Amino acid sequence: AARELWLSQLDEPPRARKGLERKPVSLPRTEGSEIVFGIAPCSLALSQARRDLFRLFLKRSSGSPRPVMGEFALQATARGVPVLRVPRRELDALSGGRVHQGVCLEATPLRFKSLEEAGTPDLGDEERRDRRLVWLVLERIQDPMNLGALLRSAYFLGVDRVVTSHRNSCPLTPTVSKASAGAAEVFDVYSTDDLQSFLKAKAAEGWEVVGTVSKPEDVEDVPVISCLEFQWNKPIIIVIGSEGEGLSLETQLLCHRMLAIPPGRALHPGIESLNVSVATGILLHSICSQKRRHGD
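What you are looking at is a predicted structure, and each value in this text was computed from that prediction instead of being measured.

(A) Spotlight on the sheet that holds strand 11 (residues 236-240). Taken in spatial order, the 8 strands line up as 5-8-7-6-11-9-12-10 in an open sheet, and their pairing is parallel. Unpaired on one side and paired on the other, strand 5 (113-114) and strand 10 (224-226) mark the two borders of the sheet. As paired elements, strand 5 and strand 8 (residues 189-192) share 2 bridges and run parallel to each other. Counterpart to Lys113 in the pairing with strand 8 is Tyr190. Along the sheet face, helix 6 (residues 144-157) touches strand 6 (134-138), strand 7 (161-165) and strand 8 and points at about 175° away from the line of strand 6.

What follows is the structure in structure tokens.
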């Protein structure tokens, strides 16, 4: 009988055995809140006034806490945000299993700004007439990791403004903030419901609209040049298309020129393009380096 009991325990389904383990406590959440995770996003969210903050969760440690956790606690206390020290499994549950680095923050979501809030510079102003402004426009970027990486590059390389299409685009989620290394917490992102009308209006104001393409042979009626040959001397908008399809035909036809990145070797079919965030980083570096050389 004892042997049969032992054998029955061996045959016990894994799910039943797992039920004996302690499960993470389900922490109640403030309605409408989300969980920001990771050291950089949480630190910048605490230092800025762009979110309403509810609670800071720090990993409970049996030994001496890391100095960064003490700094987080001081930041939160200064903002009047309650600090809870919880086991790692609670942080895992809060972050949905994502890499939280021992810290999560309950806060209101980030929102896109409307173009009416942008405070567009008047190009008729003599002080701004020759300034080299660079705006990055994103059409239907749907992957939060790509959006975060794009914002990180745009912030680092000195893009003046980022505008995204409202429809079929990724919102500013905590994953976007983490992928941006916190840039989303300090860099305003604007959104428009009518991307084509926005581009037409900027072109009428004297801006150059520059599209991007991975396969120059796919473009008709718009000149395509290498990013290495591109020169500019007035405000420009760089338009980046979606991960799978690139720019829509309607948007392509509004571009004055299209930029392509020349490959360094003959490419095998199927791997003839770059990830959208990597390609954008290369293009922005090439474009923004000209801006720096002119002291703008």
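(B) How the structure looks around the packing of aromatic side chains. In total, this model carries 3 aromatic pairs according to the counting rule given. Aromatic pair Trp135 and Phe198: ring centres 6.3 Å apart, planes at 5°, arrangement stacked. Taken together, the positions of Trp135 in strand 6 and Phe198 in helix 8 (residues 195-204) put the pair 63 residues apart, joining distant regions of the chain. Residue Trp135 is classed as buried on the basis of its relative accessible area of 2%.

(C) Examining the side chain of Thr280 more closely. With respect to the helices and strands, Thr280 occurs in helix 10 (residues 276-293). Discounting chain neighbours no more than four positions away, the residues touching Thr280 are Leu136, Leu150 and Ile240.

(D) Expanded view of helix 4 (residues 67-78). Along its 12 residues, helix 4 runs 17 Å from first to last C-alpha, staying within 8% of the 16 Å computed at 1.5 Å per residue. Those residues of helix 4 lying buried are Met69, Phe72, Ala73 and Ala76. Buried residues of helix 4, seen end-on, are gathered within an arc of 100° and therefore sit on one face of the element. With respect to the buried face of helix 4, the exposed residues turned more than 90 degrees away are Pro67, Leu74 and Ala78. Where helix 4 is buried, its residues touch helix 3 (39-47), strand 2 (53-59), strand 3 (83-86) and strand 4 (103-107). Following helix 4 by one or two positions, Gly80 adopts a phi angle in the positive range, close to 75°.

About the thresholds
Residues numbered from 1 in each chain as written. Predicted model: local features only at pLDDT ≥ 70, side-chain atom pairs only at ≥ 80, totals over all residues. Heavy atoms only, no water. Pairing = 2+ DSSP bridges. Helix = DSSP H or I, 4+ residues; strand = E, 2+ residues; numbered from the N terminus. Contact = heavy atoms within 4.5 Å. Axes fitted to C-alpha atoms, helices over the stretch in contact; angles between N-to-C directions. Phe/Tyr/Trp six-rings, centres within 6.5 Å; stacked < 30°, edge-to-face > 60°. Buried < 20%, exposed > 50% of the residue type's maximum accessible area, 1.4 Å probe, protein only. Expected span 1.5 Å × (residues − 1). Arc of directions from axis to C-beta.

Coordinates in, geometry out; function isn't part of it.
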